[in-house]
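Examining the three-dimensional arrangement
Residue-level listing of the chains:
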Amino acid sequence: MKITEQQIEEFVEMAHKVGRYGLTVCSSGNLSWRIGDEVLVSGTGSWVPEIRKEQVSVVRFSDGEVLNGVKPSMESVFHLGVLRERPDQTVVLHFQAPYATAISCMKVRPKSINVTAEVPYHVGVEIPEIPYYRPGSPELADAVIAALKEHNSAFMLKHGQVVCGKDFNQALERATFMEMASRLAVLNGDNLETFTDAEVEEVEVKFLGKKK
């Protein structure tokens, strides 16, 4: 095992920060961080906001084999799958923030949460919706991996949300802006005004390098 004690301590602090931002409660959500050929994953049943070092699982990136005897979250399959599909990303965060989860449980959801420029820039111009599958199921893992193959964020219907990032700060930023936008959408209801197609395109051209 190549993972160092310091890296495990960094992972624990990442997880606690997720809790301080109000993105997970109790045993909801899970976090992973790829470091070379190994991946740190929150252990099964652990509370992300209060996770301890001995609850952090170390798994081999290539095949998911546990290297330190700590069983990883049951969602580790999609964490590893996303990281394999997206070599540019090193962190995956599955969370259940209150307002974003409220949207994922709505019968009629907002067509868009592009309410400020930060959303298309950080979260994504389009945020895919993953149908409900039982947590920990192969079907859910396949759906999450497919959704994040070309997107950085997704709603998991009747479940929560998932984001990836090139590092922890980027993943946290995406999750936080997703929750912020969801909060505005829920609070404004039918009075929500989202970006027009032209305004979204302006963000894409100005900040994301899209050509007109």
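Scroll up to find the structure this text is about.
The notes below deal with the structure included here. (Residues numbered from 1 in each chain as written. Predicted model: local features only at pLDDT ≥ 70, side-chain atom pairs only at ≥ 80, totals over all residues. Heavy atoms only, no water.)

What follows deals with the pattern of salt bridges. Oppositely charged side chains can pair when the atoms bearing their charge come close. Across all of its chains, the model carries ten salt bridges by this definition. The shortest N-O distance in the salt bridge between Glu13 and Arg20 comes to 2.6 Å. For Glu13, a relative accessible area of 38% puts it in the partly exposed group. Taking the relative accessible area as the measure of exposure, Arg20 reaches 56% and is therefore exposed. When the shortest N-O distance is used, the salt bridge between Arg109 and Glu129 registers 3.1 Å. One end of the pair, Arg109, is in the loop between helix H3 (98-104) and helix H4 (118-123); the other, Glu129, is in strand S5 (residues 129-130), and 20 residues separate them in sequence. Residue classification places Arg109 among the partly exposed positions, given a relative accessible area of 24%. Via salt bridges that share partners, Glu5, Glu9 and Lys53 belong to a single interconnected network. (Salt bridge = Lys/Arg side-chain N within 4 Å of Asp/Glu carboxyl O. Buried < 20%, exposed > 50% of the residue type's maximum accessible area, 1.4 Å probe, protein only. Helix = DSSP H or I, 4+ residues; strand = E, 2+ residues; numbered from the N terminus.)

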